[in-house]
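Chain by chain, the residues:
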Amino acid sequence: MRVLVREPINQPLQLKEIEGTFEDFQEMVGESIEIVPITDNIVCICNEKGEGQELGRNFYDDRLGWVMGTCVFTAAKNSEFDSLSDQQIGYISEYIGFPVV
């Protein structure tokens, strides 16, 4: 599945291919996974305890404040994760304000 990964503190978005297992997401963001809806069909998977663990600022969300630590953006369809479309990748890049590499 195609996802975007962003490390904290002014890093670009990285387009990656992963299997999309729970373990894949845990390996990237840490044990305490939180799923944050960005739009109706895009979610951000991040570390629920990122702020307490001082993982570094990733991006600011008007609803949540600072999202901390490594973030994985993926599509969500019928309560399951799915590959991002080109349009969704463009939206995330604009939303975060950083390019995709």
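Residues numbered from 1 in each chain as written. Predicted model: local features only at pLDDT ≥ 70, side-chain atom pairs only at ≥ 80, totals over all residues. Heavy atoms only, no water.

Q: Where do I start with the packing of aromatic side chains in this structure?
A: Note on aromatic pairs: each is described by the distance of the centres and the angle between the planes. For the structure shown, the criterion picks out 5 aromatic pairs. The interplanar angle of 45° and the centroid separation of 5.7 Å between the aromatic rings of Phe 59 and Phe 73 together place this pair among those described as tilted. Of this pair, Phe 59 sits in strand β5 (residues 57-61) while Phe 73 sits in strand β7 (residues 71-77); the two residues are 14 residues apart in sequence, bridging distant segments of the chain. Comparing Phe 59 with Phe 73 shows no difference in burial state: the two are buried. Taken together, a centroid distance of 6.0 Å and an interplanar angle of 65° make the contact between Phe 59 and Tyr 95 edge-to-face. (Phe/Tyr/Trp six-rings, centres within 6.5 Å; stacked < 30°, edge-to-face > 60°. Helix = DSSP H or I, 4+ residues; strand = E, 2+ residues; numbered from the N terminus. Buried < 20%, exposed > 50% of the residue type's maximum accessible area, 1.4 Å probe, protein only.)

Q: I'm lost on the nonpolar core in this one. Help?
A: Soluble, globular proteins show a tendency: their nonpolar side chains are buried together. Grouped together as the largest cluster of nonpolar side chains are 16 residues, with contacts concentrated most on Leu 4, Ile 38, Cys 44, Phe 59, Cys 71, Phe 73 and Ile 92. Elements that contribute at least two residues to this core include exactly β4 (42-47), β7 and α2 (86-96). What Cys 44 contacts, discounting residues up to four positions off in sequence, is Glu 34, Ile 35, Val 36, Ile 38, Phe 59, Cys 71, Val 72 and Phe 73. Counting 9 residues, the second-largest nonpolar core is a separate cluster that includes Val 29, Val 43, Ile 45 and Val 72. (Core = buried A, V, L, I, M, F, W, Y, C linked by side-chain atoms within 4.5 Å. Contact = heavy atoms within 4.5 Å.)

Q: How do you make sense of the environment of Leu 15 when you look at a structure like this?
A: Its place among the elements puts Leu 15 in strand β2 (residues 14-17). Separated by 10 residues in sequence, Leu 15 and Val 5 place their C-alpha atoms 6.5 Å apart. Excluding residues within four positions of it along the chain, Leu 15 makes contact with Arg 2, Val 3, Leu 4, Ile 89, Val 100 and Val 101.

Q: For this particular structure, what's the right way to read the pattern of salt bridges?
A: Working definition: two side chains of opposite charge can pair if their charged atoms are close together. Here the structure, examined in full by the defined rule, presents 3 salt bridges. When the shortest N-O distance is used, the salt bridge between Arg 2 and Asp 86 registers 2.7 Å. Of this pair, Arg 2 sits in strand β1 (residues 2-6) while Asp 86 sits in helix α2, and the two are 84 residues apart along the sequence. Here Asp 61 ties to Arg 63 by a salt bridge, and the two come within 3.0 Å at their closest N and O atoms. A residue is classified by how much of its surface remains accessible, and Asp 61, at 1% relative accessible area, is buried. (Salt bridge = Lys/Arg side-chain N within 4 Å of Asp/Glu carboxyl O.)

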